[in-house]
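What follows is each chain in one-letter form.
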Amino acid sequence: MRVSLQPRWHMGRADGKPLDATALLELLSTVQGTGSIAQAGREAGLSYRHAWGLLRQAEALFGEPLLVRGRGRGSALTALGEKLVWADARIAARLQPLMESLASELEDELGRVQRRPPAVARLHASHGFAVAALREQLAARQVPVDLRYRSSLEAVSALAHGECDLAGFHVPLGEFEAAAAQRYLAWLRPEQHQLVHLAVRTQGLFLAPGNPLGLQGLQDLARPGLRFVNRPEGSGTRVLIELLLQRQGIAPRSLLGYDNTEFTHAAVAAYVASGMADVGIGVQTAAHRFGLHFIPLLRERYFFAVPVDAMQRPGLRPVLAVLRSPAFRARVAALKGYEAAQTGRVLALGEAFEKA
């Protein structure tokens, strides 16, 4: 049993019938990309007349246009139309991990009611594009998994308390490796746990397209008035941000917006892309997907921690098989800013963190 959850928009005035904006937002997003309402309607499965009717209904609701047509230049969104598209992108980026976690919980509950065997691997992990790709590959191969998106520290803590079989976390390469690794090694034991290498990925600064503020690197975060968007406490990237600021001699609380947090890399990218912040920090894949300027800062390794005695459990074996498959390795390698040369490799803790 597969469960999929998606958010829906309803907009309207208190005295009127609300507009189901799902089709409208899909239409606007496609117009933004193609410049053609006719093509956008075809891709959304709407007739040209229906597409225009939907736009006119929304414009009547807002009292201003969402689309402008230029002679010989196709169609373009107004500022309000663009704001709606970016708002929808932010909502999707923010809610996707929660929706996937809830869907996984529902699948598990339905399986229990149907008295299915409990041989399902429990995966708790910080959200990332390679983890999402793994879930897709597992679903395609009909391999069940109970996936919960949590911060890196929460995931490793859950593993130590027997609440999951795999815990996803990431550690920077280079000067910060030992300090970051110690936070996770407090929960992991060499005789009890080992690691499965997922990927190496690049983290850096997210900036508006074209870098209009002319930022050059981390030192520019000290600029007065620069709006920052952060990650939640306990997340691996928040740990990284704190280490980077400490090295640069920048007081975290001096950053405007330091307490504004988004749960995922994609949500941070959408926040910057929508103009609500000037800079954030995250993986290159998210910057690429939202068309942002990206300044690399460092590379990091993403691991799954797993109990040594769990490697042969019936629910975990097919998950590990997918992790080690050439198809999944190719899928990870195709992600912008990801490297998959070691994907699926099993490591002892001491082998992975010799200097920690």
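This write-up is about the structure you can find in this document.

### Notes on the packing of helix α7 (residues 177–185) against helix α8 (residues 236–248)
Interhelical geometry of α7 versus α8 gives an angle of 145° and a closest axis separation of 10 Å. The two elements α7 and α8 meet at a crossing, and its hand is right-handed. Between α7 and α8, the contacting residues are Ala179, Ala180, Arg183 and Tyr184 on the first element and Gly236, Val239, Glu242 and Leu243 on the second. Across the contact of α7 with α8, the residue classes tally to five nonpolar, one polar and two charged.

### Observations regarding helix α2 (residues 37–44)
Listed in full, the buried residues belonging to α2 are Ile37, Ala40 and Gly41. Mapping the buried residues of α2 onto a view down its axis gives an arc of 100°, with all of them on the same face. Of the residues flanking the start of α2, the one acting as N-cap is Ser36, its side-chain oxygen 3.4 Å from the backbone nitrogen of Ala38. In the stretch just after α2, Gly45 is the one whose phi turns positive, near 75°.

### Observations concerning the packing of aromatic side chains
With the rule as written, the count across this model stands at eight aromatic pairs. Taking 4.8 Å as the distance between ring centres and 40° as the angle between the ring planes, the aromatic pair formed by Phe169 and Tyr184 counts as tilted. Separated by 15 residues along the polypeptide, Phe169 in strand β7 (residues 166–172) and Tyr184 in helix α7 bring together distant segments of the chain. With respect to burial, Phe169 and Tyr184 carry one shared label: buried.

### A look at the side chain of Asn230
Tracing the sequence through the fold places Asn230 in the loop between β9 (228–229) and α8. Here Tyr258 takes part through its backbone oxygen, which lies 3.0 Å from a polar atom of the side chain of Asn230. If we ignore the near neighbours within four places in the chain, the residues touching Asn230 are Arg238, Ile241, Gly257, Tyr258, Asn260, Thr261, Glu262 and Val268.

### Observations concerning the environment of Arg69
Within the element layout of this structure, Arg69 appears in strand β3 (residues 67–70). Judged by relative accessible area, Arg69 falls into the exposed class, the value being 57%. Here the alpha-carbon distance between Arg69 and Gly35, two residues 34 residues apart in the chain, equals 9.2 Å. Non-local contacts of Arg69, meaning those with residues more than four positions away in its chain, are made with Tyr48, Trp52, Gly74 and Ser75.

### A short note on the packing of helix α5 (residues 129–140) against helix α12 (residues 326–333)
At a minimum axis separation of 10 Å, α5 and α12 run at an interaxial angle of 145°. By crossing handedness, the relation of α5 to α12 is classed as right-handed. Taken together, the residues of α12 that come into contact with α5 (itself represented by Ala130, Ala133, Leu134, Glu136 and Gln137) are Ala327, Phe328, Arg331 and Val332. For the contact of α5 with α12, the class distribution of residues is six nonpolar, one polar and two charged.

### Some details on the environment of Pro144
For Pro144, the location among the structural elements is in the loop between α5 and β6 (145–149). The class for Pro144 is partly exposed, based on a relative accessible area of 40%. C-alpha separation for the pair Pro144 and Ala121, spaced 23 residues apart in sequence, amounts to 7.3 Å. Apart from the residues within four sequence positions on either side, Pro144 is in contact with Val120 and Ala121.

### Considerations on the pattern of salt bridges
Here the structure, examined in full by the defined rule, presents 20 salt bridges. For Glu262, the salt bridge is made with Arg90, and the minimal N-O distance between the two is 4.0 Å. Taken together, the positions of Glu262 in the loop between α8 and α9 (265–273) and Arg90 in helix α4 (residues 79–113) put the pair 172 residues apart, joining distant regions of the chain. Glu262 gets classed as buried once you look at its relative accessible area, which sits at 4%. Ionic pairing is found between Arg299 and Glu339, a salt bridge with its closest N-O pair at 2.9 Å. With Arg299 in strand β11 (residues 293–307) and Glu339 in strand β12 (residues 338–339), this pair connects stretches of sequence that are 40 residues apart. Glu339 sits in the partly exposed class, given a relative accessible area of 36%. Because the salt bridges share partners, they merge into one network encompassing Arg122, Asp165, Asp309 and Arg313.

### Examining α7
When we look at burial in α7, the residues that qualify are Glu177, Ala180, Ala181 and Tyr184. For α7, the arc enclosing every buried residue in end-on projection is 95°, short of the 170-degree limit, so these residues lie on one face. On its buried face, α7 sits against α6 (152–160), β7, α8, β11 and α13 (349–352).

### Describing the nonpolar core
Ranked by size, the top nonpolar core spans 51 residues in total, and within it Leu198, Phe206 and Phe304 carry the most contacts. Broken down by element, the residue count for this core peaks at eight residues, all from α9.

Rules of the game
- Residues numbered from 1 in each chain as written.
- Predicted model: local features only at pLDDT ≥ 70, side-chain atom pairs only at ≥ 80, totals over all residues.
- Heavy atoms only, no water.
- Axes fitted to C-alpha atoms, helices over the stretch in contact; angles between N-to-C directions.
- Helix = DSSP H or I, 4+ residues; strand = E, 2+ residues; numbered from the N terminus.
- Left-handed = near helix turned anticlockwise from the far one by under 90°.
- Contact = heavy atoms within 4.5 Å.
- Nonpolar A, V, L, I, M, F, W, Y, C, P; charged D, E, K, R; others polar.
- Buried < 20%, exposed > 50% of the residue type's maximum accessible area, 1.4 Å probe, protein only.
- Arc of directions from axis to C-beta.
- Polar contact = N/O pair within 3.5 Å; in protein donor to acceptor, adjacent residues only side chain to side chain.
- Phe/Tyr/Trp six-rings, centres within 6.5 Å; stacked < 30°, edge-to-face > 60°.
- Salt bridge = Lys/Arg side-chain N within 4 Å of Asp/Glu carboxyl O.
- Core = buried A, V, L, I, M, F, W, Y, C linked by side-chain atoms within 4.5 Å.

Distances and angles like these do not, on their own, reveal function.
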